[in-house]
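Topology and contacts: notes
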Amino acid sequence: MKTSNPVLARLGQAAERERSAGYAPTGPYGQPGIPQQYPSQAGYPAAPPTVAPMTVDDVVVKTVALLGILGVSAAAAWVLVPDALVGAAWIGAAVVGLVLGLIISFSRMANPALVITYAVVEGVFVGMVSKAFESAYDGIVLQAAAASFGIFFVMTALYKAKVIRATPKFVKGMIAVMVGLFAVMLINLVLAPFGINSGLRDGSKLAIGFSLVCIVVASLSFVLSFKEVEDGVRMGLPQRYSWTAAFGILVSLVWLYIEILRLLSYFQGDD
(Lines give C-alpha, C1' and ligand atoms only; values in the text may rest on other atoms or scores of the structure.)
Protein backbone atom coordinates (compact mmCIF):
# COMPACT_ATOMS: atom_id res chain seq x y z
CA MET A 1 0.00 0.00 0.00
CA LYS A 2 1.59 3.27 -1.14
CA THR A 3 1.60 6.41 0.96
CA SER A 4 2.72 9.99 0.40
CA ASN A 5 4.28 10.04 3.88
CA PRO A 6 8.02 9.17 3.59
CA VAL A 7 8.25 8.18 7.26
CA LEU A 8 5.34 5.77 6.91
CA ALA A 9 6.87 4.43 3.71
CA ARG A 10 10.02 3.49 5.61
CA LEU A 11 7.97 2.02 8.43
CA GLY A 12 5.99 0.03 5.88
CA GLN A 13 9.20 -1.52 4.60
CA ALA A 14 10.14 -2.43 8.17
CA ALA A 15 6.69 -3.95 8.66
CA GLU A 16 7.14 -6.04 5.50
CA ARG A 17 10.35 -7.45 6.92
CA GLU A 18 8.63 -8.25 10.20
CA ARG A 19 5.80 -9.97 8.33
CA SER A 20 8.41 -12.07 6.55
CA ALA A 21 9.65 -13.08 10.01
CA GLY A 22 6.28 -14.63 10.62
CA TYR A 23 2.89 -13.15 11.33
CA ALA A 24 -0.35 -13.22 9.40
CA PRO A 25 -1.60 -9.78 8.31
CA THR A 26 -5.02 -8.68 9.51
CA GLY A 27 -7.50 -5.97 8.72
CA PRO A 28 -8.04 -2.68 10.61
CA TYR A 29 -10.13 -4.30 13.36
CA GLY A 30 -8.32 -7.59 13.68
CA GLN A 31 -10.22 -9.56 11.04
CA PRO A 32 -8.21 -12.10 8.97
CA GLY A 33 -6.20 -10.55 6.18
CA ILE A 34 -6.09 -11.55 2.54
CA PRO A 35 -2.95 -13.47 1.58
CA GLN A 36 -3.02 -12.09 -1.97
CA GLN A 37 -2.28 -8.60 -0.60
CA TYR A 38 1.21 -9.79 0.29
CA PRO A 39 2.65 -11.84 -2.60
CA SER A 40 5.84 -12.50 -0.67
CA GLN A 41 3.82 -14.59 1.78
CA ALA A 42 3.29 -18.11 0.43
CA GLY A 43 0.36 -18.77 2.74
CA TYR A 44 0.13 -18.20 6.49
CA PRO A 45 2.85 -19.40 8.87
CA ALA A 46 2.11 -22.47 10.90
CA ALA A 47 3.51 -20.91 14.06
CA PRO A 48 1.39 -18.48 16.13
CA PRO A 49 1.73 -14.78 15.17
CA THR A 50 4.79 -13.17 16.73
CA VAL A 51 3.99 -9.53 15.92
CA ALA A 52 0.47 -8.12 16.24
CA PRO A 53 -0.50 -5.53 13.59
CA MET A 54 -1.71 -2.05 14.46
CA THR A 55 -5.47 -1.40 14.44
CA VAL A 56 -7.63 1.70 14.69
CA ASP A 57 -8.75 0.56 18.14
CA ASP A 58 -5.11 0.45 19.25
CA VAL A 59 -4.64 4.08 18.24
CA VAL A 60 -7.83 5.14 20.05
CA VAL A 61 -6.75 3.41 23.26
CA LYS A 62 -3.23 4.87 23.10
CA THR A 63 -4.57 8.36 22.39
CA VAL A 64 -6.89 8.21 25.40
CA ALA A 65 -4.01 6.89 27.53
CA LEU A 66 -1.72 9.73 26.46
CA LEU A 67 -4.43 12.31 27.14
CA GLY A 68 -4.92 10.82 30.59
CA ILE A 69 -1.19 10.98 31.30
CA LEU A 70 -1.03 14.56 30.04
CA GLY A 71 -4.02 15.52 32.18
CA VAL A 72 -2.57 14.01 35.35
CA SER A 73 0.82 15.63 34.69
CA ALA A 74 -0.83 19.01 34.04
CA ALA A 75 -2.89 18.81 37.22
CA ALA A 76 0.16 17.79 39.28
CA ALA A 77 2.24 20.65 37.88
CA TRP A 78 -0.60 23.12 38.53
CA VAL A 79 -0.78 22.10 42.20
CA LEU A 80 2.87 21.41 42.98
CA VAL A 81 4.79 24.12 41.10
CA PRO A 82 4.92 27.41 43.07
CA ASP A 83 3.62 30.54 41.34
CA ALA A 84 7.12 32.02 41.33
CA LEU A 85 8.40 29.12 39.21
CA VAL A 86 5.54 28.92 36.72
CA GLY A 87 7.47 30.86 34.06
CA ALA A 88 10.62 28.78 34.40
CA ALA A 89 8.68 25.49 34.37
CA TRP A 90 6.69 26.69 31.35
CA ILE A 91 9.83 27.50 29.32
CA GLY A 92 11.72 24.41 30.45
CA ALA A 93 8.87 22.04 29.59
CA ALA A 94 8.39 23.76 26.22
CA VAL A 95 12.06 23.28 25.27
CA VAL A 96 12.23 19.66 26.46
CA GLY A 97 8.91 18.88 24.77
CA LEU A 98 10.13 20.38 21.49
CA VAL A 99 13.30 18.28 21.54
CA LEU A 100 11.39 15.09 22.39
CA GLY A 101 8.80 15.86 19.72
CA LEU A 102 11.46 16.27 17.04
CA ILE A 103 13.16 13.03 18.07
CA ILE A 104 9.89 11.11 17.92
CA SER A 105 8.87 12.70 14.62
CA PHE A 106 12.09 11.90 12.80
CA SER A 107 12.81 8.53 14.41
CA ARG A 108 12.22 5.45 12.29
CA MET A 109 11.38 3.28 15.29
CA ALA A 110 8.36 3.57 17.57
CA ASN A 111 9.38 4.14 21.18
CA PRO A 112 6.41 3.95 23.59
CA ALA A 113 8.53 5.06 26.56
CA LEU A 114 9.64 8.19 24.70
CA VAL A 115 6.07 9.00 23.65
CA ILE A 116 4.84 8.60 27.23
CA THR A 117 7.68 10.81 28.47
CA TYR A 118 6.64 13.42 25.93
CA ALA A 119 3.07 13.31 27.26
CA VAL A 120 4.35 13.87 30.81
CA VAL A 121 6.51 16.84 29.76
CA GLU A 122 3.72 18.34 27.66
CA GLY A 123 1.44 17.93 30.65
CA VAL A 124 3.75 20.17 32.68
CA PHE A 125 3.81 22.69 29.83
CA VAL A 126 0.03 22.68 29.42
CA GLY A 127 -0.46 22.87 33.19
CA MET A 128 1.80 25.89 33.55
CA VAL A 129 0.32 27.72 30.56
CA SER A 130 -3.19 26.99 31.78
CA LYS A 131 -2.40 28.18 35.31
CA ALA A 132 -0.98 31.45 33.99
CA PHE A 133 -3.98 32.12 31.75
CA GLU A 134 -6.54 31.06 34.36
CA SER A 135 -5.04 33.43 36.94
CA ALA A 136 -5.57 36.29 34.50
CA TYR A 137 -8.87 35.21 32.92
CA ASP A 138 -11.21 33.22 35.12
CA GLY A 139 -12.84 30.22 33.39
CA ILE A 140 -10.74 30.46 30.22
CA VAL A 141 -9.16 27.01 30.62
CA LEU A 142 -12.49 25.17 30.64
CA GLN A 143 -13.67 27.14 27.62
CA ALA A 144 -10.50 26.38 25.65
CA ALA A 145 -10.57 22.68 26.57
CA ALA A 146 -14.22 22.34 25.56
CA ALA A 147 -13.61 24.13 22.26
CA SER A 148 -10.54 21.99 21.49
CA PHE A 149 -12.29 18.67 22.01
CA GLY A 150 -15.36 19.96 20.21
CA ILE A 151 -13.28 20.78 17.12
CA PHE A 152 -11.51 17.42 17.35
CA PHE A 153 -14.78 15.48 17.34
CA VAL A 154 -16.15 17.60 14.48
CA MET A 155 -13.02 16.93 12.40
CA THR A 156 -13.26 13.22 13.22
CA ALA A 157 -16.87 13.14 12.03
CA LEU A 158 -16.06 15.08 8.84
CA TYR A 159 -13.19 12.75 8.02
CA LYS A 160 -15.22 9.63 8.72
CA ALA A 161 -18.01 10.96 6.48
CA LYS A 162 -15.37 11.66 3.79
CA VAL A 163 -16.29 15.34 3.69
CA ILE A 164 -12.57 16.11 4.09
CA ARG A 165 -9.97 13.81 2.56
CA ALA A 166 -6.18 13.87 2.71
CA THR A 167 -5.42 14.04 -1.00
CA PRO A 168 -1.75 14.33 -2.07
CA LYS A 169 -2.22 18.04 -2.82
CA PHE A 170 -3.88 18.58 0.56
CA VAL A 171 -1.01 16.81 2.36
CA LYS A 172 1.68 18.77 0.54
CA GLY A 173 -0.14 22.06 1.10
CA MET A 174 -0.66 21.37 4.80
CA ILE A 175 2.96 20.43 5.35
CA ALA A 176 4.11 23.61 3.60
CA VAL A 177 1.76 25.79 5.65
CA MET A 178 2.69 24.11 8.94
CA VAL A 179 6.41 24.52 8.26
CA GLY A 180 5.81 28.18 7.39
CA LEU A 181 3.83 28.81 10.58
CA PHE A 182 6.47 27.07 12.68
CA ALA A 183 9.18 29.27 11.13
CA VAL A 184 7.17 32.45 11.78
CA MET A 185 6.51 31.46 15.40
CA LEU A 186 10.18 30.59 15.91
CA ILE A 187 11.29 33.96 14.52
CA ASN A 188 8.76 35.75 16.72
CA LEU A 189 10.07 33.82 19.74
CA VAL A 190 13.67 34.83 18.96
CA LEU A 191 12.75 38.50 18.50
CA ALA A 192 10.71 38.78 21.70
CA PRO A 193 13.68 38.84 24.17
CA PHE A 194 15.15 41.78 22.24
CA GLY A 195 11.98 43.83 22.74
CA ILE A 196 10.94 43.56 19.10
CA ASN A 197 7.16 43.29 18.80
CA SER A 198 6.01 41.57 15.63
CA GLY A 199 2.36 42.11 16.54
CA LEU A 200 1.56 38.41 16.30
CA ARG A 201 0.97 37.84 20.01
CA ASP A 202 -0.06 41.22 21.46
CA GLY A 203 -3.84 40.97 21.16
CA SER A 204 -4.06 43.26 18.13
CA LYS A 205 -6.16 42.55 15.04
CA LEU A 206 -3.08 41.02 13.45
CA ALA A 207 -2.62 38.74 16.48
CA ILE A 208 -6.27 37.69 16.35
CA GLY A 209 -5.96 36.91 12.64
CA PHE A 210 -2.77 34.94 13.18
CA SER A 211 -4.36 32.87 15.97
CA LEU A 212 -7.38 32.16 13.77
CA VAL A 213 -5.08 30.92 11.00
CA CYS A 214 -3.22 28.70 13.49
CA ILE A 215 -6.51 27.30 14.82
CA VAL A 216 -7.69 26.44 11.31
CA VAL A 217 -4.39 24.79 10.41
CA ALA A 218 -4.23 22.92 13.74
CA SER A 219 -7.77 21.65 13.13
CA LEU A 220 -6.93 20.48 9.61
CA SER A 221 -3.78 18.76 10.89
CA PHE A 222 -6.06 16.13 12.42
CA VAL A 223 -6.81 15.05 8.85
CA LEU A 224 -3.11 14.29 8.35
CA SER A 225 -3.08 12.25 11.56
CA PHE A 226 -6.18 10.29 10.54
CA LYS A 227 -4.60 9.59 7.15
CA GLU A 228 -1.43 8.35 8.83
CA VAL A 229 -3.51 5.97 10.96
CA GLU A 230 -5.29 4.64 7.87
CA ASP A 231 -2.04 4.16 5.99
CA GLY A 232 -0.38 2.50 8.96
CA VAL A 233 -3.21 0.01 9.39
CA ARG A 234 -3.34 -0.80 5.68
CA MET A 235 0.43 -1.36 5.54
CA GLY A 236 0.23 -3.66 8.53
CA LEU A 237 2.58 -1.73 10.79
CA PRO A 238 3.35 -3.51 14.08
CA GLN A 239 1.10 -2.65 17.01
CA ARG A 240 3.71 -0.54 18.78
CA TYR A 241 3.43 2.10 16.04
CA SER A 242 -0.02 2.96 17.38
CA TRP A 243 1.89 4.99 20.00
CA THR A 244 3.46 7.06 17.23
CA ALA A 245 0.07 7.63 15.60
CA ALA A 246 -1.43 8.65 18.94
CA PHE A 247 1.49 11.02 19.45
CA GLY A 248 0.57 12.88 16.24
CA ILE A 249 -3.01 13.38 17.44
CA LEU A 250 -1.79 14.57 20.85
CA VAL A 251 0.51 17.17 19.28
CA SER A 252 -2.35 18.62 17.23
CA LEU A 253 -4.64 18.73 20.26
CA VAL A 254 -2.10 20.57 22.40
CA TRP A 255 -1.36 23.07 19.63
CA LEU A 256 -5.06 23.67 19.05
CA TYR A 257 -5.71 24.13 22.78
CA ILE A 258 -2.89 26.67 23.21
CA GLU A 259 -4.04 28.71 20.21
CA ILE A 260 -7.66 28.77 21.39
CA LEU A 261 -6.43 29.79 24.83
CA ARG A 262 -4.57 32.72 23.28
CA LEU A 263 -7.51 33.76 21.12
CA LEU A 264 -9.93 33.73 24.05
CA SER A 265 -7.51 35.80 26.13
CA TYR A 266 -7.46 38.48 23.41
CA PHE A 267 -11.23 38.88 23.54
CA GLN A 268 -11.43 38.72 27.34
CA GLY A 269 -8.65 41.25 27.59
CA ASP A 270 -10.86 43.80 25.85
CA ASP A 271 -13.50 43.60 28.60
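Residues numbered from 1 in each chain as written. Predicted model: local features only at pLDDT ≥ 70, side-chain atom pairs only at ≥ 80, totals over all residues. Heavy atoms only, no water.

A closer look at the nonpolar core
- Counting 59 residues, the largest nonpolar core has Leu-66, Phe-222, Leu-250, Tyr-257 and Leu-261 as the members making the most contacts within it.
- It is helix α8 (residues 242-269) that provides the largest number of residues to this core, a total of 16 residues.
- With near-sequence residues (within four places) excluded, Tyr-257 lies in contact with Val-126, Ser-130, Val-141, Ala-144, Ala-145 and Ser-148. (Core = buried A, V, L, I, M, F, W, Y, C linked by side-chain atoms within 4.5 Å. Buried < 20%, exposed > 50% of the residue type's maximum accessible area, 1.4 Å probe, protein only. Helix = DSSP H or I, 4+ residues; strand = E, 2+ residues; numbered from the N terminus. Contact = heavy atoms within 4.5 Å.)

Description of the packing of helix α6 (residues 168-191) against helix α7 (residues 205-234)
- Look at α6 against α7: their axes get within 10 Å of each other, and the N-to-C directions meet at 140°. Taken together, α6 and α7 sit at an angle that is classed as oblique. Considering only the axes of α6 and α7, their crossing is left-handed. Contacts between α6 and α7 involve Phe-170, Val-171, Met-174, Val-177, Met-178, Leu-181, Val-184 and Met-185 from the first element and Phe-210, Val-213, Cys-214, Val-217, Leu-220, Ser-221, Val-223 and Leu-224 from the second. (Axes fitted to C-alpha atoms, helices over the stretch in contact; angles between N-to-C directions. Parallel < 35°, antiparallel > 145°, perpendicular 65-115°, else oblique. Left-handed = near helix turned anticlockwise from the far one by under 90°.)

Some remarks on a nonpolar patch on the surface
- Among the surface-exposed residues, Leu-98, Leu-102, Phe-106, Phe-182, Leu-186, Leu-189, Val-190, Phe-194 and Ile-196 lie close enough to one another that they form a single nonpolar patch of about 950 Å² accessible area.
- Contributing elements (two or more residues each) for the nonpolar patch: α3 (86-106) and α6.
- By secondary structure assignment, the location of Leu-102 is in helix α3.
- Its relative accessible area of 42% is what places Leu-102 among the partly exposed residues. (Patch = residues over 30% accessible without salt bridge, like charges linked within 9 Å, V, L, I, M, F, W, Y side chains within 5 Å. Areas by Shrake-Rupley, 256 points an atom, 1.4 Å probe, with all protein chains shown as cover. Salt bridge = Lys/Arg side-chain N within 4 Å of Asp/Glu carboxyl O.)

Digging into the layout of surface pockets
- Looking at the second largest pocket, its volume works out to about 730 Å³.
- Forming the walls of the second largest pocket are 22 residues, and the residues nearest its centre are Val-56, Val-60, Thr-156, Phe-226 and Val-229.
- Looking at the lining of the second largest pocket, the elements that each hand over two or more residues are α2 (56-80), α5 (140-160) and α7. (1 Å grid on protein atoms, 1.4 Å probe; cavity = no way out; pocket = protein on both sides within 12 Å on 5 of 7 lines; lining within 4 Å. Points joined across faces, edges and corners; volume = space filled by probe spheres on them.)

Focus: the side chain of Asp-58
- Within the secondary structure layout, Asp-58 lies in helix α2.
- Contact partners of Asp-58, with chain neighbours within four places excluded, come to Pro-53, Gln-239 and Ser-242.

In short, geometric facts, not functional conclusions.
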